[in-house]
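# Notes for the structure review
Here is what each chain is made of, one letter per residue.
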Amino acid sequence: EENRPRHVHNLITLRVHGGVTAEMICAVIRAAEEQAVTNRDVDKTLETIVFFDEANATSEIDLIREIMCNHTINGRKVNSSIRFIAAVNPYRKHTPAMID
């Protein structure tokens, strides 16, 4: 284990906004799955966390729901050592003054 990395990267954050696409979300999950394999090579009990910040800010909220609730992405099972958390902001109707 001399070649074993000393540090792991086990928190992956996606800052969600209106421009986030399904392809971007899928890319983050693929990267998290690759990182999860690396992390498990270091420590078999280590979990990798994906944090969706402001998850409800995208039209792809249903894909995020599938990932978080079903642990699948487009029907494919996600690596079982990955955990998902999300922050959401309450919906607010914007007044004309807020838009200006």
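Look a little higher up for the structure.
Residues numbered from 1 in each chain as written. Predicted model: local features only at pLDDT ≥ 70, side-chain atom pairs only at ≥ 80, totals over all residues. Heavy atoms only, no water.

The subject of this paragraph is unusual backbone geometry. A positive phi angle is found at Glu54, which is not glycine, with a value near 60 degrees. With a relative accessible area of 35%, Glu54 lands in the partly exposed category. (Buried < 20%, exposed > 50% of the residue type's maximum accessible area, 1.4 Å probe, protein only.)

Once that is clear, we can look at the nonpolar core. Among the nonpolar cores identified, the biggest contains 21 residues, and Ile25, Ile29, Val50, Phe52, Ile67 and Phe84 are the most heavily contacted of them. Contributions of two or more residues to this core are made by strand E1 (11-15), helix H1 (22-42), strand E2 (48-53), helix H2 (61-70) and strand E5 (82-87). In terms of residue count, H1 provides more of this core than any other element does, seven residues in total. Ignoring any residue separated from it by four or fewer positions in sequence, one finds Val50 in contact with Ile12, Val28, Ile29, Ala32, Ile82, Arg83, Phe84 and Ile85. (Core = buried A, V, L, I, M, F, W, Y, C linked by side-chain atoms within 4.5 Å. Helix = DSSP H or I, 4+ residues; strand = E, 2+ residues; numbered from the N terminus. Contact = heavy atoms within 4.5 Å.)

What follows is about the pattern of salt bridges. Note on pairing: side chains with opposite charge can pair once their charged atoms come close. The tally for this structure, following the rule as stated, stands at four salt bridges. Ionic pairing is found between Glu33 and Arg76, a salt bridge with its closest N-O pair at 3.0 Å. With Glu33 in helix H1 and Arg76 in strand E4 (residues 76-77), the pair connects residues that are 43 residues apart, well separated along the chain. Classification of Glu33 as buried rests on a relative accessible area of 14%. Take Arg76: its relative accessible area is 39%, and that puts it in the partly exposed class. For the salt bridge of Arg83 with Glu47, the shortest nitrogen-to-oxygen distance reads 3.2 Å. Here the residue Arg83 occupies a position in strand E5, and Glu47 occupies one in the loop between H1 and E2, the gap between them amounting to 36 residues. (Salt bridge = Lys/Arg side-chain N within 4 Å of Asp/Glu carboxyl O.)

Attention now goes to the environment of Ile82. Looking at the element boundaries, Ile82 is found in strand E5. Ignoring any residue separated from it by four or fewer positions in sequence, one finds Ile82 in contact with Ala32, Glu33, Ala36, Thr48, Val50 and His71.

Let us look at the sheet that holds E2. In spatial order, the strands read E1-E2-E5; together these three strands make up an open sheet with parallel pairing. Taken across any chain shown, the strands that pair with only one partner, and hence form the sheet edges, are E1 and E5. Shown here is a sheet whose adjacent strand axes are inclined to one another by a mean of 20 degrees, direction ignored. Pairing between E1 and E2: five bridges, direction parallel. Residue pairing across strands places Thr13 opposite Phe51, the latter belonging to E2. (Pairing = 2+ DSSP bridges. Axes fitted to C-alpha atoms, helices over the stretch in contact; angles between N-to-C directions.)

With respect to the helices and strands, Asn74 occurs in the loop between strand E3 (72-73) and E4. Taking the C-alpha atoms as reference, Asn74 lies 7.6 Å from Leu63; in sequence the two are 11 residues apart. When neighbours within four sequence positions are excluded, Asn74 is seen to be in contact with Cys26, Leu63 and Glu66.

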